[in-house]
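# Geometric and topological summary
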Amino acid sequence: MKSIELFAGAGGLALGLEEAGFYHIGLVEFDKAAADTLQKNRPQWNVLCEDIADVCQRDLESEFDIKKGELDLLSGGAPCQSFSYAGKRLGLQDVRGTMFYYYATFLSKLKPKMFLFENVRGLLSHDGGKTYDTILKIFEEQGYVTQHCLLNAWDYGVPQKRERLITIGIRADLCDKAKFNFPEPHEYKPVIRDIKLDVNPLKDECAQYSASKKSVFSLVPPGGYWRDIPADVAREYMKTCWDMGGGRTGILRRLSLDEPSLTVLTSPGMKQTDRCHPVEVRPFSYRENARIQTFPDSWEFCGTLSEKYKQVGNAVPVNLAKDVGLEIKKTLEELNHS
């Protein structure tokens, strides 16, 4: 099963698809540290560390040595930065200049049998749903029948609550020959206790709290947050956040061993989204975050510590990608035998 991945990042989606049986004939990733990570772990992968706009201008059949219509899968999660909904039904013209435009251009030029487009939950409601409607319309114009579902990684062997919008497309001339089913949730839902935790990780492996922040977090019990410490201490720490509305449950949040992680983020130290380690008074190390994202310890990350955190936080959980990939593989096998 041959695939090409766009916006590949540090390889969470690509690795999961590889484990499901896909062979990547090309991966495009603009960020050098992330591209270095891909190349370090899989020297045999054809990684293009380039602007996708430049890649799109070339003959993609020659670039990836595959004929139009023969590629099994195009995968990736284009960053859907806000774009205005033109309302003129111009199709691809509506999204020209956005990263999604280049994803759709790959579909147009290579006509893969199937595609996997993953993104954040918020894409569903952006601009009252018009943004995603535009995206689905463009997929249809490129000749694909689509289906989508919100999947929570926690249901698929990932010790983390992380929802992703998964859109699957089958080329219209093939869709009556096979069907795709989203993976069934697992019976067991893992928690933080199920991963290996580091003991006093080195400074180049883990961000550090300041002495004052550490003294405040030491008061928070595992599973607790700002409401579980003396009000005067919480007020001083939270400052203007103290007067905000809502539960603010992400502030001074310390996870427990018997719950899944909250969504792993790209930075470990933002006040309103802190996730303190359940055993030690510190953030999770980037490697612990990688385990929460179900990367194997053998997967090495390149770049600075902040770049490693960012790569891990932006990744698709490997186990979720694998489960979706196995279902895509079933559909492709059905197509190939029809």
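Located above this text is the structure these notes cover.
The paragraphs below set out a description of the structure included in this document.

Definitions and limits used
Residues numbered from 1 in each chain as written. Predicted model: local features only at pLDDT ≥ 70, side-chain atom pairs only at ≥ 80, totals over all residues. Heavy atoms only, no water. Salt bridge = Lys/Arg side-chain N within 4 Å of Asp/Glu carboxyl O. Buried < 20%, exposed > 50% of the residue type's maximum accessible area, 1.4 Å probe, protein only. Helix = DSSP H or I, 4+ residues; strand = E, 2+ residues; numbered from the N terminus. Contact = heavy atoms within 4.5 Å. Axes fitted to C-alpha atoms, helices over the stretch in contact; angles between N-to-C directions. Parallel < 35°, antiparallel > 145°, perpendicular 65-115°, else oblique. Left-handed = near helix turned anticlockwise from the far one by under 90°. Nonpolar A, V, L, I, M, F, W, Y, C, P; charged D, E, K, R; others polar.

What follows deals with the pattern of salt bridges. In total, this model carries 20 salt bridges according to the counting rule given. With a closest N to O distance of 2.9 Å, Arg282 and Glu288 form a salt bridge. By relative accessible area, which is 0% here, Glu288 ends up buried. Residues participating in the shared-partner salt-bridge network are Glu50, Arg58 and Glu63.

Among all positions in helix H10 (residues 305–314), only Lys308, Tyr309, Gln311, Val312 and Gly313 are buried. Buried residues in H10 make contact with helix H2 (32–41) and helix H9 (286–292).

With that settled, the discussion passes to the packing of helix H1 (residues 12–19) against helix H11 (residues 318–337). At a minimum axis separation of 7 Å, H1 and H11 run at an interaxial angle of 45°. The angle between H1 and H11 places the two elements in the oblique class. Crossing angle aside, the handedness with which H1 passes H11 is right-handed. Residues Gly12, Leu13, Leu15, Gly16, Leu17 and Glu19 of H1 form the contact with H11, whose own contacting residues are Val318, Ala321, Lys322 and Gly325. Tallied by class, the residues present in the contact of H1 with H11 amount to five nonpolar, three polar and two charged.

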